[in-house]
Structure formats: C-alpha cells, structure tokens
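# Understanding the architecture of this molecule
Chain by chain, the residues:
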Amino acid sequence: MDVLKPTPVPPYSADETVLWFEFLLKPALLTKHLSKAAPDPSPTELITQFLSIAPENQNQNELNSPEADSMNKNEGLKYSKKQLALKILALKVAAYLRWDLGVLEKNLPLQRQVQLLSDLCSVTAGKAVNLPLSLVHECPIIGPDGSQHSLNFALTLYHRWVLRAQVIRGSVARSNKPFVHVAGVADTTPYSMRDDSFINSLEPFTNISIDFLNQVINDVEPFRILTFDSFVALDAHTDGVQQRFDLAIPISKAEIKAQIYYDLCLYYLYVQKYELAKQNIVLSKQNFDQIRQEYSVKPNKVFLYCSVDEEQLLGYMMACGVTGEPEGLLQRLNESVINHYSDIVAILKEDNIKREIPMTQRKILELNVEGFVSMGSPEAGTNDQKELELAVVALNVIRHVLDGDNILGSNVALQKYKQQQLKLIELMLQYGDEQFDELSLSDREVLKRYFLQTINLMNNPSGIEPILKSYQKLVSPQEFDDLKRQKAKEDVQFSGIGVQSDWSVCDSKLMRLEVGTFERQLITCTHASGVRKMLVKLAGTNPTKPLWSINPSWSIPMPMKQLLMSLQRGFLQDFAYILVGKSRELAAKKDYSAAIALLTCLKSETTRQDLANNPLVLKLGKMAAWEALLIQIQQVLDEWPKKPTDQVQFLRNCKQCLNASTSNDVAPRPKILEHCAVILLNLNDWNSLLNPDKRYPTLELCAAIAQAYLDIEKFKGTKKTSREAWDLILPMFVSQQSSRQRHTADTSGMLQLFLSKLRDPLVISIVLSLLAKLHNILKDETNLDLNAEYMFLWPTNVNNPAVYNIKVVYEMLNHLLAQSLRFYPNNIPWIKLKGDMEFANLNHEAAMRNYVGALIAGSEYLQRPLLDDFIIRRMIKCSSNLGCFMQAAVLCQFLDETDYGLAFKSVSEKTASFSDAMDSYYGCIWDPTLLEFIVNWHFKKGEHKRRLQAISYLNQLELNANNNEEIKREAAAVRKTRFLRSLAKQYML
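Residues numbered from 1 in each chain as written. Predicted model: local features only at pLDDT ≥ 70, side-chain atom pairs only at ≥ 80, totals over all residues. Heavy atoms only, no water.

## What about the packing of helix α37 (residues 806-823) against helix α38 (residues 828-840)?
Where we set the bar: The convention used is that axes are lines fitted to C-alpha atoms, helices contributing only their stretch in contact, and that angles between N-to-C directions extend from 0 to 180 degrees. A run of H or I in DSSP becomes a helix once it reaches four residues, and a run of E becomes a strand once it reaches two; helices and strands are each numbered from the N terminus. Here a crossing is taken to be left-handed if its near helix is turned anticlockwise relative to the far helix by less than a right angle, and right-handed if that turn runs clockwise. Residues count as neighbours in contact if any of their non-hydrogen atoms are within 4.5 Å of one another. Think of it as three bins: nonpolar holds Ala, Val, Leu, Ile, Met, Phe, Trp, Tyr, Cys and Pro, charged holds Asp, Glu, Lys and Arg, and polar takes everything else, Gly as well.
Two numbers describe how α37 lies on α38: the axes approach to 11 Å, and their chain directions differ by 145°. In this structure, the crossing between α37 and α38 has a hand that is left-handed. On α38, the residues touching Y810, L813, N814, L817, S820 and L821 of α37 are W830, I831, L833, K834 and M837. Class assignment of the residues belonging to the contact of α37 with α38 gives a composition of 8 nonpolar, 2 polar and 1 charged.

See below:
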C-alpha cells in the first residue's frame, strides 16, 4: 500500500500510517521520518510523491480560487497554498540530502529533476522561474520574498546539473540504459524522446553555464548553501510564511571549487576536450585535499556540499593522464619530442645524474633526432639542428660510460661522426665538466678514465690540446702530457730470426702434421673414393692401432662388428667398418642418398674376384645390402607420403628380407625385419605379412593388423570381431604392479616404436580404433566415450579391467594421433577423435578447437559444413561449461530436431561472462521460435536495447514463417556459415 496516498485507514494503524498532509500539519514529523536508519518511503520517493501531488501546471480556476489569492497577494509566486506547501517539503528533503545531484539523478526521473530545480529557483527568487534558463544569471530579478545569495546557490546547482545531464545522456546513449527510476511510483516515465529533446535544448546554453560556474569560482564573496531549516513549512493558520534564507551556511571556497572543477572535468571528457579536463581534475584534487584537511579538525567529518567520491576522482585523474606523482624524466622526454625537442639537452643532462630513462629510449631518441635533422626541418637553422644532434649523441655517450658499458661500445659514436669528431669530443667534455661535481666519486673516476682512454686511442691527440685547457677537471695538463709521451714513437730492433720469411720444420714433426691432416680428411670425407684414398695414405702410419678406431663416434651393428673382427686385419676391415659407420652418421643427418651410396660401394667391394671365395666376405656383402635396405625404409618413412622411386623392386627386396629370417645363411637383424614388415603394412601389401616369424612380436602384430583389414574387406556389411591384434596389444597395458612388470615395460616400448613407424591412413585408423575401444572399456563412462572408425572390429569387454593402465592407453593413443595429424592434418575422423579425447579429459576449450577444426577440414570454406548430432551435443556441452551459453543456444539449431528446451535453458542461464557476446549472435539465429523467446526474455530482464535488436532480426523478411522451404534453407545456410566462421575466429586464431 502507498503510505502517502490519502485512503481510509483502520483505527488500529492510524499511529503507524503517515499521510502527506500530516507532514504539513506537523513539520517535525518530516525530521523524525528522515532521521530513521532506513526510512520508508525513502527521501527520493518522498520528493517524487510531493512533486507529483503538486503538479507543475494548475488550471486557471485553482489559481483564481480564494485560497490562491490569500496565499499569493504579491506578484511573485503563482502557486496555490497546497502547491507551495508540497514544494517546500520537497525542497526540505533535497536539503536533507545535501543537494547531492548524484543521488537525485540516480533516483529521480528527469521530469522530476527539472521540476525540483525549477521550484528551487522560483522559491529563492521569490517569483516563477521556468527552465531551461538562458540569461537569467546576468540580470536576475529578485521578487519581494527572494534572496540574492540563495538564488545564486540555486543557479549554481542548476548550471552544474546542465553539464551533468548532458554527460549522463551521453553515457545512456552508449549503454542504452534508461535513467534509473523509483520502483512503485505511479507516474514515473522511462527515459524518452521528450527527455532527450529537453537535454538537446540545453546544449546552446552550455557555455553560459560554464561561464556562470567560473564566475562562482572567482567570486570573492563566500558561497552559502541552503539547509533543511532554511525552508519553513506552511502553517495552516497563517496566510504566508517567510522562508529563513538567512540560515544558509557559508562554506569554504575550496569545497565549492572542488565540486565545480569535478563537474567541469566530466563535461570536458564528454566533449573530448582532454587538456581542459586534465586542468580541471588537477584543480579539483588540490581543493579536495584542502577541504579534507579542513574537515579533519571538525567534529562532523561529512562535507556539507561537496559530493565528490575520492576513488572516482582518482579514476578520472588516471583517465586524464594525471598520476598524482611528480612528472618523471621519461614523460618529460616524450613531451619534449612532441614539442620538437625543446629542452631536450637539459632533460638528458638531468637523466645522466638520475638515470631514469632506459638507454634503449635514449638510443631511439638519438635515431629520431638524426632523422629530424636529415629532413631539414624549417623550424631551426641547419647549424642549430646539427649541434642538437651532436649534443644528444654526446650526452648518450656519457650515459653509456656511466652505466659501466664497454669503452669500445661507447666509441662507436666517435667512428660514426668521424668528420665532426673534435666537435663531438668537445661537447662530451663540456657536458661532463658541467656535471662533474654532481657525480659520485666512483662515477667521476669512470668518466675520467674514459676520456683518458679515448684520447689515448686517437692518432693525433695534439689536436685536442686547446680544447682540454677549458675542461681540466676531466683531463689535467699533467695527465695529457703523460699520454703524449706514451704515444711517442720508438724504434724497435728485431733479431735475425724475427725477420726470417721461411721457417723450416724438422721431418719428424712434419710427418705428425701430415698424419693429423689425413686423419681429419678421413673423418670429414663423405665419399667412398675419398675414404679409400685416405686409407692408402695412412696405411702403416700406426701398426698398433686400427684405422677404424680414429673416430669413436663411428658405430656399427653388433652382428656386423663381430663379422668384421673375425676378418684378417687390413684394408677391407677398415674400409667396411668406416663406410658402415659413416653411412649411419649420414642417415642420422637425413642424408640418405650419400649413406646408401657408401653401403652400395661396400657391397661392390665384396664382389671382387680376389675375395669371391671368402664366405665371411659374402656374408658381409649381404649384411651391407640389408643395412642399405634399412636406410631406404627410413627414408620412405621420413619422406612420407612420397613413395620410393622403384616401388616394385623395393617391395621385392623387403619380402626377400622377411623370407631370409628363417634362412640358415645370413639372417637380417631384428630391427631390419621389423622395418620391412611395417613398410609392407604401410604400403598395403597384406598377403606378404600373413605368415610371420613367431620369434618377432612386431611381425606378429603387423600380420594381425593385416588380417583385420582383410576381415573388413571380406565381411562388408557385417560386424565381425577380430581378436588377433586385440590379444597381442592388450597384455602390453597391464599395470606395472602386476607380476609381469618387466615384460610389460618392454612390450610397451616395443609398441611405441611400432606406432611411431605407422604412416598409412587405413592402418592408423585401425590401430586408433583398437586403442579408443580399449580406452572406452577401461574408463567405463558412456558420456565420455571416444569415437573412431572400425571400432566394430574389437571386443566389447575385457576380463579384469582393473589390471590395465588406462593412462598408458591414453598416452599411446595421444602420441599416435598427434604424429598422424602431422602427416594428414585434414583427416576429419582423427580430428574428431582428438576432440573426443580432450572432451573426455574435461579440456572443453581444446575440445571445441578440435571440433571446429573438423568442421573446417570437412567443408569448403565452411559453406557446406559436415555436422552430426553427436558432435553438436558435445559442442553444446563444451560451450556451456565454458560459460558461452549463447553459443550453446545457437548450436541447438544445428540438431536434426531443434532442442528448444536446451536452447531456452541456455539463454536463461546466461551469466555475466564477457566471453559470450550475446547480442552478436542474433544474426546467427534462423529459428523464429528461439528469437521470440529471446525477445520475451529481454523484456522480462528489462534489457530494452537488446530486445529491440532481437526484434530487428526477427522481423527480417527471410525469416518469415510463410516463406517457401528454399528461402528458409538459404537463410539457415547463411546464418550457419556466419556462426561457424565466428567459432573459427574464436577457437582457431
């Protein structure tokens, strides 16, 4: 119930209910009500009620009534007694609020603000005053009941309000939020076009308001403020009451200045006159500090009039570039650059003492001055500009020296300005001498040492002697004489051996130098012919040491080393060992062609006629061939997807190598066999792998994967479980706590090496599906399942899943996926799987990045996106967890059947997260039902601008429900593409 509305009141509540006329009959009742801790109604609600009960415009009959005649017998105020009484009450409440415009602007509608200010001006002037005012302050006409100082107070408040109203209107235009109104008051109106029009009418008089406020600041008369007791409520038994304007309280000039300067700063910031804003905020702060000091000695610490908040004051100072601290040298330097390097020498000289400006800034300044001079600015003569450049360089050199930097670095400037070297040194001496007494003792010694060293480095120091006479603090005459004596040339006599041009070396040392040279050439050469030549030259130089031991980094496979050690020591042993060692070095550097050439040369060497009958040499030739094949396989894997030049012969060699594993002659070593099996798997030669040698687990695994592929081809359209690969891989993930700890570690390492050599997309997809299936079974959370191709191949459960290590499974899967995406970055199922892994790991942002990446890879510039409900629902979940609820709502449209419940929930759960720009996604919505919900939701939230924006999108012609299906599909496609592009910018860039 409105406590101020005159309605019938039950007897038992008569003492609790306060009616508006009771404040007239008992003025003390208003004081008692306002003094409550939380008065209800509040002071601003009381003002609104008083002004609404006493409307501004009265009809003529009321003005001509006997009551009005008895109240206003003079030509002053044209109010009825009832009107005037309520207006006085409103003014008393405003005085109780200390005329705080911030409170009044926040809680009163614009119409009531204007009415209150108009009543204040009218009552203090003793005659009716209409707003907006124009020249009223120049020739104020005071009525018989008016007061000049009170009218001055009222006009000051009004002109402050004129500036503040425009600032508030500007902030409202940016945020589109209405003036704050009192809830529950019947006749409050929202911020409207009428209000905007009224504030626009104030703009022509803004300069008048500024002039008036400046006059108040400069007025020598004390500024007096009206208080609660300055307004006397009307008595029902008297025709008129004289207001007690004499009770106005004078305040210090600092208090009114602090407030006015603050208001002027806000206005100048609004009109973008930042220099004036800066001047006024500085003055406001100075006066604010003064009044704070004045009130510190008073019992009442609350300001009588100034309502400036200190935190906001400091905030505006920062906005104006005023820190409150003394202006630093770096700031002065920047201002000097803006003012064409005025006072730059004085600033740099001061910085050589204080050292506030970073040396990098000073070097940048030096380059800028050099460019300034080279352009030949007309603002100064050429000689003045050149001297300015040299002055900056000289001061920078001094600072460089005082910082303790290398003297050679400091003398770069002397080399650069070689033509003006004497002038530069003179300036350096001049500035150093001027500041010598200000430096510390250590800095003086550093500077003196620098000048002595610089003069010592000069070719002709005598040329600087006249200059030094003026700067003896840095280089005394005695020191300069000592330098000259040191520079005097002396004849030096060399002995006969010193002038000999041809020195001879004894033969033994010459032999050692040649051997060292040949050994270095042997180590560095990469051709078999060079190795052969160096071995011939080094033969017999050191009979106790084999030549292959020259370089410890040459390493060869153990089977081949055992074979070579069984050969007779000689050329073949050294030649074979070195060629194999060099080939492995070159292969590690990815120089595969040179490595294969060395091994081919070795194999040719073993076919010589004189070695044909040696069975060890024949074995050596076969081993060299297997090693060459291994390097070829490594090259194919490294250069994938580039295929070998002669793929048919390459496959034939790999098959022969696998078949040789069971030979009684020379079996390839296990690493070569594993590489052959893996490369056959990558090249899809399935049938060659089906009969593996059971001694090698990698060969068995390759055969199992080949069989899985053959099952896919054989049983198309049916789901046949393939257990061979599953049973081989599953034991590799047994936890280390089990009894098979050592074996598990070995097999896990073998599996990781095997996965690192997979290249074919089909093979990788099969292995990925196996690992993803195993991960799902061990994690056992359906909502976090991974999805991959060919998962139907594998069993749906394992016995005793607790003994398996899911962490190792995840790491293997992640390693294989990352490696595979380097070779095939646009493989959509793999990118989706990567997103599923991040989703299962609760890394929602990374999951969204991968899902969006899959959409990009699977569409032509996002024109025809490839989407399915499973991914969309996961993207919705990710967006919600990231606080991007509007993204989640838009994604609900992408489902085959729009999930309105989830979409509405997402919109309603929107938080204050700045990562979700809600209104920027309205152009991505094509479902009218969702837009209608958003319009109603904004209406409920009181968000007028966003509601209008949503309505504008809802009213677009292409979203009309009566459109044909083709237009609807086209509208949806455009908005889908727009939304997906925005996701790509957010998560991919």
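## Describing empty space enclosed by the protein
Which entries qualify depends on this criterion: A cavity here means a set of 1 Å grid points, computed over protein atoms only, where a 1.4 Å probe fits but cannot escape. A pocket is an open set with protein on both sides within 12 Å along at least 5 of 7 lines, and lining residues have an atom within 4 Å of a point. Grid points are joined across faces, edges and corners, and a volume is the space filled by probe spheres set on the points.
Inspection of the entire model under this criterion finds 1 cavity of 30 Å³ or more. Reported here for the largest cavity is a volume of approximately 70 Å³. W99, L101, L104, E105, Q113, L116, L117, L120, L157 and W161 together form the lining of the largest cavity. The set of elements that each furnish at least two residues to the lining of the largest cavity consists of α7 (101-107), α8 (110-125) and α9 (148-175). Considering every element that reaches the lining of the largest cavity, the biggest residue donor is α8, with 4 residues. Of the residues assigned to the lining of the largest cavity, the class counts are 8 nonpolar, 1 polar and 1 charged.

## Quick look at the nonpolar core
Test applied: Put simply, a nonpolar core is a bunch of buried Ala, Val, Leu, Ile, Met, Phe, Trp, Tyr and Cys residues held in one set by side-chain atoms that sit within 4.5 Å of each other. Relative accessibility thresholds used throughout: buried, under 20% of the residue-type maximum; exposed, over 50%; partly exposed, between the two (1.4 Å probe, protein chains only).
Core analysis: the biggest nonpolar cluster contains 163 residues, and L681, F754 and M875 have the highest contact counts within it. With 12 residues, helix α30 (residues 615-638) is the single largest residue contributor to this core. Those residues in contact with L681 that lie beyond four places of it in its chain are W686, L689, C702, I705, A706, F754, L758 and V763. In terms of nonpolar packing, the next biggest core, distinct from the first, is built from 84 residues, L108, Y267, Y268 and L269 among them.

## With respect to the side chain of E838
Take E838: it is sitting in helix α38. Beyond its immediate chain neighbours, meaning those up to four positions away, E838 contacts N843, A846, A847 and N850.

## What to know about helix α43 (residues 928-941)
Our working definition: Here the expected length of a helix is defined as 1.5 Å per residue gap, with one fewer gap than residues. In this description, one arc is meant: the one made by directions from the helix axis to the C-beta atoms. Throughout this description, a polar contact denotes any pair of N or O atoms lying within 3.5 Å of each other; where both atoms belong to protein, one of them has to be capable of donating a hydrogen while the other can accept it, and for residues adjacent in sequence the pair is counted only when both atoms sit in side chains.
With 14 residues, α43 should reach 20 Å at 1.5 Å per residue; the first-to-last C-alpha distance of 20 Å fits that figure. Those residues of α43 not exposed but buried are L930, L931, I934, V935, W937 and H938. Projection of α43 onto a plane perpendicular to its axis shows the buried side chains occupying an angular sector of 165°, all on one side. Opposite the packed face of α43, turned more than 90 degrees from it, sit the exposed residues F939 and K940. Tucked into the core, α43 has its buried residues touching α41 (885-891), α42 (900-908) and α44 (944-954). N-capping of α43 is provided by D927, with a side-chain oxygen placed 2.9 Å from the backbone N of T929. Taken from the residues just after α43, G942 is the one with a positive phi, measuring 75°.

## Some thoughts on the environment of I249
For I249, the location among the structural elements is in strand β2 (residues 249-251). In this structure I249 comes out as partly exposed when scored by relative accessible area, which is 33%. When the C-alpha positions of I249 and S230 are compared, they lie 9.4 Å apart, and in sequence the two are 19 residues distant.

In short, shape yes, function no, at least from these values alone.
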